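# Chains, contacts and geometry: an overview
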Amino acid sequence: MASEADSNANYCETWSLKRGDLLEVPRTLFTHYGIYLGDGQVAHLMPDILPVFTGDHKLIRDVVTNQRLILGVISKNASIRVDTVDDFAYGACILVNHMDRLVCKKPALPNEEVARRAEKLVGSTDYSLLWNNCEHFVTHCRYGIAISIQTDKFCEAVKTIIRDQRSIFVTTALGLAGIFCLGFGPSTTLPTILIPFLLWMAG
C-alpha cells in the first residue's frame, strides 16, 4: 500500500488522465486496477456472475453489486468491462501509474499500445483470485507480463503461516476440540490427523 505522501503525489484529477494510464484505487481489503481509455472511460476486469445468466447488455452494464462480484469470484466468471472513471473509482482516490515504480523488470509500453491492448480484451473472461485478476489484466496491458504484486504478497503470507510450527499445534488443538464437541468419527478424526500432518510436511 502506498504511503500518504505517495498517494498525494500520484492522485490525479480526471481531466489530467492520459489514454493508456494505469489507474488504481484502494478498496477495503485490496487495490482495484484499470486502464484509462480516454473520454472518462476505464477498462477493468471485474468478477461478475450476471453474464452467465443473461446476454442483456443493459442489465450487465449496471454497476456490479457486491453480490454479483462475490458470486463471480466463487464461480470464477468475470468480464473486462468499460465503465466511467467515477464508477470505477467508487468514491476512492485514484493513483496514476504508481505501479511503474514497482515493476522494475519491464518498462511501460507506449500509452496508445496499452489502451489498444485493453480494448482488444474487453468481454467475458475466466476469473482467478490468484492467477487472473484485475492486476494481471493491467500489467499484461501496460508491461506485457501478467503479474500480481498483491497475489505474491498473499502467497508469501500463506507460506509464512504454513512454515510457522505453531500452526501445527493450533490446528491439532482445534481438531481435538472438534472431536470432543462433535464426537469421534471420520469427519472429525481425518482432518485432525491430515491437516497438521500436511502443515508439518509443507513446513
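That block above? That's the structure.
Below is a short write-up of the structure. (Residues numbered from 1 in each chain as written. Predicted model: local features only at pLDDT ≥ 70, side-chain atom pairs only at ≥ 80, totals over all residues. Heavy atoms only, no water.)

Looking now at the pattern of salt bridges. Evaluation of the coordinates by the stated rule reveals 7 salt bridges. The residue Asp100 makes a salt bridge to Arg142 at a minimum N-O spacing of 2.8 Å. Remark: Arg142 occurs in helix 7 (residues 134-143) and Asp100 occurs in the loop between strand 5 (95-96) and helix 6 (111-121); sequence separation between them is 42 residues. In this structure Asp100 comes out as partly exposed when scored by relative accessible area, which is 28%. What makes Arg142 buried here is its relative accessible area of 4%. A single network of salt bridges, built from pairs that share partners, joins Arg19, Glu112, Arg116 and Glu119. (Salt bridge = Lys/Arg side-chain N within 4 Å of Asp/Glu carboxyl O. Helix = DSSP H or I, 4+ residues; strand = E, 2+ residues; numbered from the N terminus. Buried < 20%, exposed > 50% of the residue type's maximum accessible area, 1.4 Å probe, protein only.)

All right, on to the environment of Thr84 then. You can see Thr84 is positioned in strand 4 (residues 77-84). A relative accessible area of 32% means that Thr84 is categorised as partly exposed. For Thr84 and Asp39, which are 45 residues apart along the polypeptide, the C-alpha to C-alpha distance reads 8.7 Å. Not counting residues within four places of it along the chain, the set of residues in contact with Thr84 comprises Gly40 and Gln41. Polar contacts involving the side chain of Thr84 include one to the main-chain amide nitrogen of Asp87, which spans 3.1 Å. (Contact = heavy atoms within 4.5 Å. Polar contact = N/O pair within 3.5 Å; in protein donor to acceptor, adjacent residues only side chain to side chain.)

Turning next to the sheet that holds strand 4. Sheets are built from strands paired through backbone hydrogen bonds, the pairs being either parallel or antiparallel. Ordered in space as 5-1-2-3-4-6, the 6 strands form an open sheet in which the pairing is antiparallel. The open sheet has two edge strands, strand 5 and strand 6 (123-126), and neither has a second partner. Note: strand 1 (residues 22-26) against strand 5, 2 bridges, orientation antiparallel. Paired with Glu24 across the bridge in strand 5 is Leu95. On top of the sheet, helix 6 reaches strand 2 (31-38), strand 3 (41-47), strand 4 and strand 6; it is set at about 105° to strand 2, its chief contact. (Pairing = 2+ DSSP bridges. Axes fitted to C-alpha atoms, helices over the stretch in contact; angles between N-to-C directions.)

This part takes up unusual backbone geometry. Here Tyr90, not a glycine, exhibits a phi torsion of approximately 55°, which is positive. By relative accessible area, which is 63% here, Tyr90 ends up exposed. For Asn97, which is not glycine, the phi dihedral falls at a positive 55°. Position of Asn97 relative to the elements: it lies in the loop between strand 5 and helix 6. Look at Asn97 and you get buried, because its relative accessible area is 17%.

Here we come to the nonpolar core. In summary, soluble globular proteins display a tendency toward joint burial of nonpolar side chains. In this structure, Leu22, Ile35, Leu37, Leu45, Ala118 and Phe137 are the most contacted members of the largest nonpolar core, which totals 20 residues. No other element matches the 5 residues that helix 7 contributes to this core. Residues within four places of Ile35 in sequence aside, it is in contact with Gly20, Asp21, Leu22, Gln41, Val42, Ala43, Val114, Ala115, Ala118, Phe137, Val138 and Cys141. Within the second largest apolar cluster, 10 residues are counted, among which are Val25, Tyr36, Ile94 and Val96. (Core = buried A, V, L, I, M, F, W, Y, C linked by side-chain atoms within 4.5 Å.)

Right, let's talk about the side chain of His44 for a bit. Secondary-structure assignment places His44 in strand 3. When its relative accessible area of 4% is taken as the criterion, His44 is described as buried. At a separation of 2.8 Å, a polar atom in the side chain of His44 contacts the side chain of His32. Reaching out from His44, the side chain makes a polar contact with the side chain of Asp83 at a distance of 2.7 Å. Residues contacting His44, with those up to four places away along its chain left out, are His32, Tyr33, Gly34, Ser79, Ile80, Arg81, Asp83, Phe88 and Phe137.

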